[in-house]
Amino acid sequence: MTENTLVDKTFRDNEGKIVLAQMPNLPLIVWIVASILSLVFTSGKINTVLDVLANGSLYTWAWLELFQGVNYFRRTLGLAVLIAIIVSKIQY
């Protein structure tokens with residue numbers, strides 16, 4: 001039986017594999033597609049819908065990573081993205 005060190009908990013999943021990146025899940029794919037489409041449709045209602053969709057899906061991805069991430073690194077990444085989303089929306 002191997003000892004579960006902080007480094008293991010930070011970078012390894014429950015199978016012992018080091019996990020820094022994963023295949024995109026649905027919220028991340030939706031964010032990527034909506035973000036790219038918002039570069040094509042730069043104004044109007046379509047752009048507004050794409051912006052809401054992109055932000056909502058990225059928020060969902062970050063929330064899922066924060067609470068269901070496979071290791072501490074992924075959970076910290078989720079928290080960082082969640083904070084970045086909130087900070088980017090704060091108006092001065």
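Here we summarise the structure given alongside this text. These figures come from a predicted structure and were not determined experimentally.

Things to note about the packing of helix 3 (residues 44-68) against helix 4 (residues 72-89)
Contact geometry of helix 3 with helix 4 gives a least axis separation of 7 Å together with a crossing angle of 145°. Considering only the axes of helix 3 and helix 4, their crossing is left-handed. Between helix 3, through Asp51, Asn55, Leu58, Tyr59, Trp61, Ala62, Trp63, Glu65, Leu66, Phe67 and Gln68, and helix 4, the contact on the second element is made entirely by Arg74, Arg75, Leu77, Gly78, Leu79, Val81, Leu82, Ile85 and Lys89. Across the contact of helix 3 with helix 4, the residue classes break down as 12 nonpolar, 3 polar and 5 charged.

Looking at the packing of aromatic side chains
In total, this model carries 3 aromatic pairs according to the counting rule given. For the ring pair tyrosine 59 and tryptophan 63, a centre distance of 6.1 Å and an interplane angle of 20° mean the geometry is stacked. You can see tyrosine 59 and its partner tryptophan 63 sitting in helix 3, 4 residues apart, about one turn around the helix. Looking at tyrosine 59, the relative accessible area reads 37%, which means it is partly exposed. Given the relative accessible area of 41%, tryptophan 63 is considered partly exposed. For the pair tryptophan 63 and phenylalanine 67, a centre-to-centre distance of 4.7 Å together with 50° between the ring planes defines the contact as tilted. Here tryptophan 63 and its partner phenylalanine 67 are both found in helix 3, 4 residues apart, which amounts to about one turn of the helix. For phenylalanine 67, a relative accessible area of 49% corresponds to the partly exposed category. Connected via pairs of aromatic rings, a cluster forms that spans Tyr59, Trp63 and Phe67.

A closer look at helix 3
For helix 3, which comprises 25 residues, the first-to-last C-alpha distance of 36 Å matches the rise-based estimate of 36 Å (1.5 Å per residue) to within 8%. The secondary structure elements touched by the buried residues of helix 3 are helix 2 (26-40) and helix 4.

A word on the pattern of salt bridges
A complete count under the given rule lists 3 salt bridges for this structure. Aspartate 8 is the salt-bridge partner of arginine 12, the closest N and O atoms lying 3.0 Å from each other. A relative accessible area of 32% means that arginine 12 is categorised as partly exposed. Across the salt bridge formed by arginine 74 and glutamate 65, the nearest N and O atoms sit 3.0 Å from each other. Take arginine 74 and glutamate 65: they sit in the same class, and that class is buried.

Quick word on helix 4
Between the first and last C-alpha of helix 4 there are 26 Å, a value that for 18 residues agrees with the 26 Å anticipated at 1.5 Å per step. All of the buried residues in helix 4 are Arg74, Gly78, Val81, Leu82 and Ile85. For helix 4, the buried positions fall inside an angular range of 100° around the axis, keeping them on one side. The inward-facing, buried residues of helix 4 contact helix 3.

Quick notes on the rules
- Residues numbered from 1 in each chain as written.
- Predicted model: local features only at pLDDT ≥ 70, side-chain atom pairs only at ≥ 80, totals over all residues.
- Heavy atoms only, no water.
- Axes fitted to C-alpha atoms, helices over the stretch in contact; angles between N-to-C directions.
- Helix = DSSP H or I, 4+ residues; strand = E, 2+ residues; numbered from the N terminus.
- Left-handed = near helix turned anticlockwise from the far one by under 90°.
- Contact = heavy atoms within 4.5 Å.
- Nonpolar A, V, L, I, M, F, W, Y, C, P; charged D, E, K, R; others polar.
- Phe/Tyr/Trp six-rings, centres within 6.5 Å; stacked < 30°, edge-to-face > 60°.
- Buried < 20%, exposed > 50% of the residue type's maximum accessible area, 1.4 Å probe, protein only.
- Expected span 1.5 Å × (residues − 1).
- Salt bridge = Lys/Arg side-chain N within 4 Å of Asp/Glu carboxyl O.
- Arc of directions from axis to C-beta.

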